[in-house]
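Survey of secondary and tertiary structure
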Amino acid sequence: MTKRILIFAFFLLGTICTMQSQDFSKHALGVRIGDNDGFGVEASYQLGLSSTNRLELDLGWRSEDAFTAIKLAGIYQWVFNLDKGFNWYVGPGGGVGFVDFDDDILGRDSSDSYFFIAGDIGIEYNFDIPLLISLDVRPEIGFGDFNDDLDLDIALGVRYQF
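I will try to describe carefully the structure that is included in this document. Predicted, not measured: the structure shown is a model, and the values here were computed from it.

This next bit is on the sheet that holds strand 6 (residues 110–126). In space, the eight strands of this closed barrel follow the order 1-2-3-4-5-6-7-8, with antiparallel pairing throughout. Geometrically, the sheet is characterised by an average inter-axis angle of 25° between neighbouring strands, direction not taken into account.

Here it is, written out as structure tokens:
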């Protein structure tokens with residue numbers, strides 16, 4: 001069993017090391033649309049750190065019947081080229097959220113804050129024009145009264161590169 005795990009680890013490392021580096025723009029700005037429990041929109045900014053690494057910052061707004069929430073997420077991503085313009089990416093991250101609840105039974109407003117850790121895995125296509133489209137899944141583990149479990153945030157991203 002240990003031998004199989006070791007062989008798999010060397011195979012995975014060798015595959016990652018031999019992948020081509022991806023040249024993407026230094027900056028990308030756009031939207032990330034989706035959510036784990038309803039429609040949500042995030043303003044999204046990506047900063048290229050090297051030819052294979054970038055930082056993504058997302059500021060999201062969620063509105064439900066009983067609350068309104070704002071969430072800030074930061075994700076570090078490794079980007080791997082699959083084919084011309086077609087990439088996949090993965091990375092860790094986290095963030096904070098602030099929630100404002102509607103009036104409770106006694107007519108009082110209340111609010112809460114929480115933080116979360118997250119991962120991100122997705123695919124993207126880099127068009128010949130400065131347009132980047134992506135689809136990703138972001139598992140998030142929340143810590144706080146409002147969000148204290150595992151959520152899967154699935155989203156479509158559209159960004160302008162400059």
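Our focus in this paragraph is the pairing of strand 1 (residues 27–34). Direction of pairing for strand 1 relative to strand 2 (residues 40–48): antiparallel, over a ladder of seven bridges. Each bridged residue has a counterpart across the sheet, and for Ala28 the counterpart in strand 2 is Gln46. Bridge count for strand 1 against strand 8 (residues 150–161) is seven bridges, and the pairing is antiparallel. For Leu29, the partnering residue across the bridge sits in strand 8 and is Tyr160.

It is worth spelling out the pairing of strand 6 at this point. Bridge analysis of strand 5 (residues 86–101) against strand 6 gives 16 bridges, and the strand direction is antiparallel. Bridging from a neighbouring strand, Val96 pairs with Phe115 of strand 6. Direction of pairing for strand 6 relative to strand 7 (residues 131–143): antiparallel, over a ladder of 10 bridges. Bridge pairing in strand 7 links Ile123 to Leu135. In textbook terms, the turn of a hairpin is the stretch between consecutive antiparallel strands, and for strand 6 and strand 7 this stretch comprises four residues.

Another point: the packing of aromatic side chains. A full pass over the atoms with the stated rule returns seven aromatic pairs. A ring pair is formed by Tyr160 and Phe162, whose centres lie 6.1 Å apart and whose planes are at 20°; its orientation type is stacked. Accessibility expressed as a relative area gives 48% for Tyr160, which makes it partly exposed. We classify Phe162 as partly exposed; its relative accessible area is 47%. It is Arg54 that lies over the ring of Tyr89; its NZ or CZ is 5.0 Å from the centre. Cation over ring: Lys71 sits above Phe116, and NZ or CZ is 5.3 Å from the ring centre.

Negative charge collects at one region of the surface, where Asp65, Asp100, Asp102, Asp103 and Asp109 lie side by side. Classification of Asp102 as partly exposed rests on a relative accessible area of 40%.

Along the chain, the position of Leu131 falls in strand 7. The partly exposed category is assigned to Leu131, whose relative accessible area is 28%. For the pair Leu131 and Arg159, spaced 28 residues apart in sequence, the C-alpha to C-alpha distance is 5.9 Å. With residues up to four places along the chain from it excluded, the contact list for Leu131 reads Tyr125, Asn126, Val158, Arg159 and Gln161.

Counting eight residues, the largest nonpolar core is built from Phe67, Ala69, Ala73, Ile75, Val99, Tyr114, Phe116 and Ala118. Broken down by secondary-structure element, the contributors of at least two residues to this core are strand 4 (67–83) and strand 6. Sort the elements by how many residues they give to this core and strand 4 lands first, with four residues. Excluding anything up to four places from it in sequence, Val99 contacts Phe67, Thr68, Ala69, Ser110, Ser111, Asp112, Tyr114 and Phe146.

Tallied over the entire structure, the rule returns 13 salt bridges. With a closest N to O distance of 2.7 Å, Arg32 and Asp136 form a salt bridge. Residue Arg32 is found in strand 1, and its partner Asp136 is found in strand 7; the two are separated by 104 residues along the sequence. When its relative accessible area of 2% is taken as the criterion, Asp136 is described as buried.

Reading guide: rules and limits
- Residues numbered from 1 in each chain as written.
- Predicted model: local features only at pLDDT ≥ 70, side-chain atom pairs only at ≥ 80, totals over all residues.
- Heavy atoms only, no water.
- Pairing = 2+ DSSP bridges.
- Helix = DSSP H or I, 4+ residues; strand = E, 2+ residues; numbered from the N terminus.
- Axes fitted to C-alpha atoms, helices over the stretch in contact; angles between N-to-C directions.
- Phe/Tyr/Trp six-rings, centres within 6.5 Å; stacked < 30°, edge-to-face > 60°.
- Buried < 20%, exposed > 50% of the residue type's maximum accessible area, 1.4 Å probe, protein only.
- Lys NZ or Arg CZ within 6 Å of the ring centre and 35° of its normal.
- Patch = residues over 30% accessible without salt bridge, like charges linked within 9 Å, V, L, I, M, F, W, Y side chains within 5 Å.
- Areas by Shrake-Rupley, 256 points an atom, 1.4 Å probe, with all protein chains shown as cover.
- Salt bridge = Lys/Arg side-chain N within 4 Å of Asp/Glu carboxyl O.
- Lys, Arg positive; Asp, Glu negative; His and termini not counted.
- Charge placed at Lys NZ, Arg CZ, Asp CG, Glu CD.
- Contact = heavy atoms within 4.5 Å.
- Core = buried A, V, L, I, M, F, W, Y, C linked by side-chain atoms within 4.5 Å.

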